[in-house]
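Each chain, letter by letter, is given below.
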Protein chains: 2
Amino acid sequence: MNWRDYCKKVTPYTPGEQPKINNLIKLNTNENPYPPSSLVVEELKKLIEDYDCLRRYPKPNCDMLEEALSEYTGLSRDHIFTGIGSDDVICQAFTTFFNSSLPVLFADITYSFYEVWAELVGFPVELVPVKDDFSIDINDYRKENGGIVIANPNAPTGMALTLDQIEEVLKFNKDSVVIVDEAYVDFGGQSAISLIDKYDNLLVTQTYSKSRSLAGLRIGMAYGNPEIISKIKAVKFSTNSYTLNEPALRIASAVLKDEKYFRDCCQKVMDTRAWTVEEFKKLNFSVLDSKTNFVFVSHKNIHATDIYKYLRENGILVRHFNAERINNFLRVSIGTDEEMKALFKVLGEMKEI
Amino acid sequence: MNWRDYCKKVTPYTPGEQPKINNLIKLNTNENPYPPSSLVVEELKKLIEDYDCLRRYPKPNCDMLEEALSEYTGLSRDHIFTGIGSDDVICQAFTTFFNSSLPVLFADITYSFYEVWAELVGFPVELVPVKDDFSIDINDYRKENGGIVIANPNAPTGMALTLDQIEEVLKFNKDSVVIVDEAYVDFGGQSAISLIDKYDNLLVTQTYSKSRSLAGLRIGMAYGNPEIISKIKAVKFSTNSYTLNEPALRIASAVLKDEKYFRDCCQKVMDTRAWTVEEFKKLNFSVLDSKTNFVFVSHKNIHATDIYKYLRENGILVRHFNAERINNFLRVSIGTDEEMKALFKVLGEMKEI
């Protein structure tokens, strides 16, 4: 035997392209088109005054941010967990909660990292097909399982379940952990946070990367009842004592105070989305009902790969997934009004459209 | 069965205290007593000008930092891996490389996180006792194994193996991955980076947390030949696409240019260490030979727990491990000259000393 034989076998996730091309209109990774709160600048200025603090480890337990999120949500700190983006939070949740021999259920069309983490952690998965219209049928989640993951709103479809539907899933599944991934919830979805004290097996995850315009800081959080949170914290403390760094903790805590700016940015994205949907329809696209900062669209005559290539050649990057059932769709992030107008100008000039 | 039954069982690591007491002299977590490079301030100023960039994900692959470390070390980028502190890097290395049924070898007295990660990842361990003088005997590593981890210099002893001794271990162990954890190497140790092209199973890890005064940024790195690095990168890309955040990438890349300041700070710590060792000896302590930014000391008459308590009552925090073989020792981080003088003033006033 050789050291290569002892290496973990994995199939890495492929994130959206981050090309180094200038003047590209980047509508492929669901980033927010608006700058983060200007309180970021205030915090960076304070950090300059206090930069000597960086020689110290951050306070353990992400104290500052847990306290700020506690004040913001009205939940006590023992309901809150934080990590390096919701990817980190969800991966740790998988490690913590999915250790049965029963399959974990999630949709066949959903965030593709779930399957990657499942292979990494090493638990069985049962992919639950979404309906032909890409909706999730909650009755499909009435079967024995070792856990459930639902992205709500779902990606890359953008479609959302109602809070009542999420509660139906919870009512039927009290013996395994149900993770509701709310990365996109602030763009029109209904959060399940209100259910965490009622269902002790519910974990709700969110992120600063989309609605708070802070993908570059890598901050995610999870909410749950104190018992479930204590379990994931134990795994976190077995992995890395200090995860979020000092700039991230300070900035993430501060921007929560800028609620109006946050809500305004979300509203602007939703307004632009409504306009975008209409424009796509005018050009013979079908558009799934989106509660996120992206739309999932398919043209009635032209294949998605052709549109993808045409847009890329014209300086506009959208996301195409070369996967069964969705390879004739494009996921288009909602940019500024100007960016979306530029998109439709280019699209409108496409010969066959 | 209930969801609690599916939860991962772990025994979390206990990091050194980070108490919220003002004016405490903190010599318990091996932080650097000197501020980070002033280039940190320059980078923060640039980030203020450019804070809109935070709405974007950082460039994947930690591009900027890998390139900066490549230039700094003279190694090509495919020899370099980065993560959230060396804790993250080593934990991912354990996940990647330790998947045999043979035990992984490491010292009984070493960084106690290794055992925590072993339980988390789930591989067998054989603790190799250090000698009575706390030195590592490389002949003890001539046995079948699924991997080897050596902290060099070791913690909490502070003692180092020579590069020749590390190479002896590698010569005998070509079939399993050998991780050399060099968190403290810049304070007088010899790095094994020079051996990575000769031994394809060698992974050398380092950190910004000690010698570069940037514990608050959480940055660690690993060096190895391109094949071994590609394996750990695959696992990293199965966990989190974007780990280091934008401020960390920028600052960590920039400070590498401040080589003189870096070397001067390391030298100051080593000079203070030499003085500290002599002072401890004057007070009837035995002191292990340290190549780190801490010393491991034991008093000839007074038990370590008594000294620990006495110091804490007098506003000085050092580290005591309540563990077999070392519970009569204290690990004392090297602070500024003023801090060490304050320590010896307080110690000198201890009645029984």
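Calculation criteria
Residues numbered from 1 in each chain as written. Chains lettered and ligands numbered in written order. Predicted model: local features only at pLDDT ≥ 70, side-chain atom pairs only at ≥ 80, totals over all residues. Heavy atoms only, no water. Phe/Tyr/Trp six-rings, centres within 6.5 Å; stacked < 30°, edge-to-face > 60°. Helix = DSSP H or I, 4+ residues; strand = E, 2+ residues; numbered from the N terminus. Buried < 20%, exposed > 50% of the residue type's maximum accessible area, 1.4 Å probe, protein only. Contact = heavy atoms within 4.5 Å. Axes fitted to C-alpha atoms, helices over the stretch in contact; angles between N-to-C directions. Parallel < 35°, antiparallel > 145°, perpendicular 65-115°, else oblique. Left-handed = near helix turned anticlockwise from the far one by under 90°. 1 Å grid on protein atoms, 1.4 Å probe; cavity = no way out; pocket = protein on both sides within 12 Å on 5 of 7 lines; lining within 4 Å. Points joined across faces, edges and corners; volume = space filled by probe spheres on them. Nonpolar A, V, L, I, M, F, W, Y, C, P; charged D, E, K, R; others polar. Salt bridge = Lys/Arg side-chain N within 4 Å of Asp/Glu carboxyl O. Polar contact = N/O pair within 3.5 Å; in protein donor to acceptor, adjacent residues only side chain to side chain. Arc of directions from axis to C-beta. Pairing = 2+ DSSP bridges. pLDDT = per-residue confidence, 0-100. Least-squares fit on C-alpha atoms with pLDDT ≥ 70 in both.

## Brief notes about the packing of aromatic side chains
With the rule as written, the count across this model stands at 38 aromatic pairs over all chains. Geometrically, the ring pair formed by Phe94(A) and Trp117(A) is edge-to-face, given 5.7 Å between the ring centres and 85 degrees between the ring planes. With Phe94(A) in helix 3 (residues 85–97) and Trp117(A) in helix 4 (residues 113–121), the pair connects residues that are 23 residues apart, well separated along the chain. With respect to burial, Phe94(A) and Trp117(A) carry one shared label: buried. Arranged with centres 6.4 Å apart and planes meeting at 65 degrees, the rings of Phe97(A) and Trp3(B) form a pair that is edge-to-face. Taken together, the residues Phe97(A) in helix 3 and Trp3(B) in the segment before strand 1 (25–27) connect one chain to another.

## A few points about helix 2 (residues 63–73) of chain A
Those residues of helix 2 of chain A not exposed but buried are Asp63(A), Leu65(A), Glu66(A), Ala68(A), Leu69(A) and Ser70(A). Those residues of helix 2 of chain A hidden inside the fold are in contact with strand 2 (80–83), strand 8 (220–224), helix 6 (226–236) and helix 7 (246–255) of chain A.

## Observations regarding the packing of helix 9 (residues 304–313) of chain A against helix 10 (residues 337–348) of chain A
Residue and element names in this part refer to chain A. Close contact between helix 9 and helix 10 brings their axes to 10 Å; oriented N to C, the two are set at 115 degrees. The angle between helix 9 and helix 10 places the two elements in the roughly perpendicular class. Judged by the sense of rotation from one axis to the other, the crossing of helix 9 with helix 10 is right-handed. On helix 10, the residues that touch Ile307, Tyr310 and Leu311 of helix 9 are Leu343, Val346 and Leu347.

## Thoughts on the layout of surface pockets
Empty pockets left among the atoms are what a rolling probe the size of a water molecule brings to light. In this structure, the largest pocket spans a volume of roughly 1,100 Å³. What lines the largest pocket is a set of 49 residues, and nearest its centre among them are Tyr13(A), Tyr111(A), Ser112(A), Arg319(A) and Phe321(A). Sorting the residues of the lining of the largest pocket by element identifies helix 3, strand 3 (104–107) and helix 4 of chain A as the ones contributing at least two each. Roughly 860 Å³ of internal volume is contained in the second largest pocket. Lining the second largest pocket are 42 residues, and of these Tyr13(B), Thr110(B), Tyr111(B), Ser112(B) and Phe321(B) lie nearest its centre. For the lining of the second largest pocket, the elements supplying multiple residues, two or more each, are helix 3 (85–97), strand 3 (104–107) and helix 4 (113–121) of chain B. Split into classes, the residues belonging to the lining of the second largest pocket amount to 21 nonpolar, eleven polar and ten charged.

## Some remarks on the interface of chain A and chain B
On the chain B side, the residues contacting the 89 residues of chain A number 89 residues. Our count for the contact surface shared by chain A and chain B stands at six salt bridges. Across the pair Arg4(A) and Glu227(B) runs a salt bridge, and its minimum N-O distance is 2.5 Å. Remark: the boundary between chain A and chain B carries 43 residue pairs in polar contact (both at pLDDT 80 or more). Classifying every residue of the side of chain A that touches chain B gives 43 nonpolar, 24 polar and 22 charged.

## Looking at helix 9 (residues 304–313) of chain B
Residues and elements named next belong to chain B. By the burial criterion, the buried members of helix 9 are Ala304, Ile307, Tyr308, Tyr310 and Leu311. All buried residues of helix 9 project into a common sector of 170 degrees when viewed along the axis, lining one side. Those residues of helix 9 hidden inside the fold are in contact with strand 9 (285–287), strand 10 (294–299), strand 11 (316–318), strand 12 (330–333) and helix 10 (337–348). Downstream of helix 9 by one or two residues, Gly315 has phi in the positive range, about 80 degrees.

## Here's the deal with the sheet that holds strand 10 (residues 294–299) of chain A
Residues and elements named next belong to chain A. What the three strands build is an open sheet, ordered 9-10-12; its pairing is antiparallel. Edge positions in the sheet fall to strand 9 (285–287) and strand 12 (330–333), since each has one partner strand and no second. Averaged over all pairs of adjacent strands, the angle between their axes in this sheet comes to 35 degrees, without regard to strand direction. Where strand 10 meets strand 12, four bridges bridge the pair, whose relative direction is antiparallel. Its bridge partner lying in strand 12, Phe294 is registered against Ser333.

## Some points on the confidence of the model for chain A
Summarising the model, chain A shows a mean pLDDT of 96, and 100% of its residues fall at 70 or more. As a predicted assembly, this complex carries a pTM of 0.96 together with an ipTM value of 0.95.

## Focus: the relation of the copies chain A and chain B
For these two chains of identical sequence, chain A goes onto chain B by a turn of 180 degrees and a shift of 0.0 Å along the axis, with RMSD 0.0 Å. Accordingly, the operation relating the two chain copies is best matched by a two-fold axis. Every residue of chain A has its C-alpha some distance from the rotation axis, and the shortest such distance is that of Leu44(A), at 3.3 Å. In this assembly, 100% of the residues forming the interface of chain A have copies in chain B that are likewise at the interface, indicating an isologous arrangement.

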